[in-house]
Amino acid sequence: MKDKIIKYTQYIFYFPIAILIFLFIRLISKFFLVRFNFLPTARIGHMAIETELYLSEKKSKYFDIFASHKIIANKYLLKLIKKKINLIPSKLMFFLILLNNKFGNKKHFINLTPRSASGDRDINNILDKTHANLTFSKDDLIKGEDFLKKYSIRKYNYVCLHIRDEQYLSKTFPEDKNLNRHSHRNCTPKNYLKAVQFLIDNNITVIKMGQKNSQQLDIKNTRYIEYAHSSNVSPFLDIFLPAHCKFFLSSCSGLDFVAKIFRRPILFTNQIPIGSSVLSSSKDMLIMKKYFSLNENKYLNINEIFSRNLELIKNGNEYKKLGVDVIENNSMEILNSTKDMIKFLDHRLIEDPLEIRFKEILTKNLKTKSLYNLWHNELRSRISPSYLNLNNKIYF
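The shown structure was predicted, so the numbers you read here are calculated from the model rather than taken from an experiment. (Residues numbered from 1 in each chain as written. Predicted model: local features only at pLDDT ≥ 70, side-chain atom pairs only at ≥ 80, totals over all residues. Heavy atoms only, no water.)

Draft legend 1. Local environment of the sheet that holds strand β6 (residues 247–250). As summarised here, the arrangement of the seven strands in space is β5-β4-β3-β6-β7-β8-β12, forming an open sheet in which the pairing is parallel. Edge positions in the sheet fall to β5 (224–225) and β12 (382–383), since each has one partner strand and no second. With three bridges connecting them, strand β7 (residues 266–271) and strand β8 (residues 285–288) associate as parallel partners. Paired with Gln 271 across the two strands is Met 288, which belongs to β8. Contacts between helix α12 (residues 331–345) and the sheet are confined to β6, β7, β8 and β12, with β8 contributing the most and set at about 165 degrees to the helix. (Pairing = 2+ DSSP bridges. Helix = DSSP H or I, 4+ residues; strand = E, 2+ residues; numbered from the N terminus. Contact = heavy atoms within 4.5 Å. Axes fitted to C-alpha atoms, helices over the stretch in contact; angles between N-to-C directions.)

Draft legend 2. Highlighting the packing of helix α5 (residues 138–150) against helix α8 (residues 235–243). Axis separation between α5 and α8 bottoms out at 10 Å; the angle between their running directions is 80 degrees. Classified by the angle their axes make, α5 and α8 are roughly perpendicular. Residue-level contacts link Asp 140, Leu 141, Lys 143, Gly 144, Glu 145, Phe 147 and Leu 148 of α5 to Phe 236, Leu 237, Phe 240 and Leu 241 of α8. For the contact of α5 with α8, the class distribution of residues is seven nonpolar, one polar and three charged. (Parallel < 35°, antiparallel > 145°, perpendicular 65-115°, else oblique. Nonpolar A, V, L, I, M, F, W, Y, C, P; charged D, E, K, R; others polar.)

Draft legend 3. Examining helix α3 (residues 75–82) more closely. All buried positions along α3 are accounted for by Tyr 76, Leu 77, Leu 78, Leu 80 and Ile 81. On the buried face of α3, the contacting elements are α2 (44–57), α5, α8 and α9 (256–261). Two to three positions downstream of the cap, the backbone nitrogen of Tyr 76 sits 3.0 Å from a side-chain oxygen, assigning the N-cap of α3 to Asn 74. (Buried < 20%, exposed > 50% of the residue type's maximum accessible area, 1.4 Å probe, protein only. Polar contact = N/O pair within 3.5 Å; in protein donor to acceptor, adjacent residues only side chain to side chain.)

Draft legend 4. Region of interest: the pairing of strand β11 (residues 324–327). Residues of β11 alternate between two faces, with Val 324 and Val 326 buried on one and Asp 325 and Ile 327 left unburied on the opposite face. Here strand β9 (residues 290–293) runs beside β11; their pairing, made up of four bridges, is antiparallel. Directly across from Phe 292, in β11, lies its bridge partner Asp 325.

Draft legend 5. Up close: the pattern of salt bridges. Inspection of the entire model under this criterion finds 17 salt bridges. For the salt bridge of Glu 145 with Lys 155, the shortest nitrogen-to-oxygen distance reads 3.1 Å. In this pair, Glu 145 sits in helix α5 while Lys 155 sits in the loop between α5 and β3 (158–162), placing the two residues 10 residues apart along the sequence. With a relative accessible area of 27%, Lys 155 lands in the partly exposed category. Between Glu 378 and Arg 380 there is a salt bridge; the shortest N-O distance is 3.3 Å. Owing to a relative accessible area of 41%, Glu 378 belongs among the partly exposed residues under this scheme. Judged by its relative accessible area of 24%, Arg 380 is partly exposed. Overlapping salt bridges, with partners in common, bring together Asp 128, Lys 283, Glu 378 and Arg 380 in one network. (Salt bridge = Lys/Arg side-chain N within 4 Å of Asp/Glu carboxyl O.)

Draft legend 6. Just α12, in detail. For α12, with 15 residues, the first-to-last C-alpha span of 21 Å sits near the 21 Å given by 1.5 Å per residue. Counting buried positions over the 15 residues of α12 gives 11, a clear majority of the element. Looking only at α12, the buried set comprises Ser 331, Glu 333, Ile 334, Leu 335, Asn 336, Ser 337, Thr 338, Asp 340, Met 341, Ile 342 and Phe 344. Among the residues of α12, the N-terminal cap falls to Asn 330, whose side-chain oxygen and the backbone nitrogen of Met 332 are separated by 3.1 Å. His 347 lies just past α12 and shows a positive phi near 60 degrees. (Expected span 1.5 Å × (residues − 1).)

Here it is, written out as structure tokens:
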């Protein structure tokens, strides 16, 4: 009862304020455009990348106002974002949008990434052309470096690892009874063991990120840190660590986009679907999950994936209905792509002819279906040469 009283009191307080603000916005709209919307704060990947893309492409001729959703994936990230944008209470934004839908104009509604099909793709390759918009304070930098010193680590000399599972979504969105639609994106943690051991053997510390209830890797070494299961976990370190890593070894989880907004290199593994692969940055490299036809008992090449309209399916249940099994990257693929990434960062990895051919075939198929400009601009990222050579007979 008390919560309901507080809720209605807030509505009574904010509604007249929203009316006054809305009337003022409409009054000046012919001379100066004010735009507004909620930030996508519920998922850390969208919260990070969509805000950064907006800030990197922001046009000064507009005055933009935002509010956070009820769910905030990372409060420290929101703290950094607040330094760069105008933020108002979410209930006030609710009424502004309600009024605009009834009496206003679509021009007041701001889409953070209007050209991107899903909102989280850098189709203008803008992140390669700009510097990070979000910055850490001196005190926070010292705080983060103090954590690294406890493990004898220096900035940019460790790898962040995140292996996607359903624990995050099931914990954050317990009311969603259809989370199994994301199951095709999950990965087997043990497949990353060889890659982690390779990094350790090369004196590179690996910090495993994620939720406390995620599966641990059975590695006993001072250069391996199960941060996700430690007492050090905090919203601050969840942002600081990806922002200062050598590179982020990712299973395409959303947290990797925190590294991306701070312009850190990423090795994307287990990328799916192929049509929306993250290929926009020259700092990144990726390998993909493979498509296996259960009816034909064979792997599908790029042309077959597109001809069967599988290139943008994001619901795991749809693959099952179509008789397609999504095959995750095995330990050798992940290990060899990690070796490629180290060579790439050391400027010792020349572009392989198979990479050029792969991108040509992918581009042709995307353009044939008029999908290219919705998801991509320049395909700048590297495709692991080792991965393509291992799967040459599948893709080509």
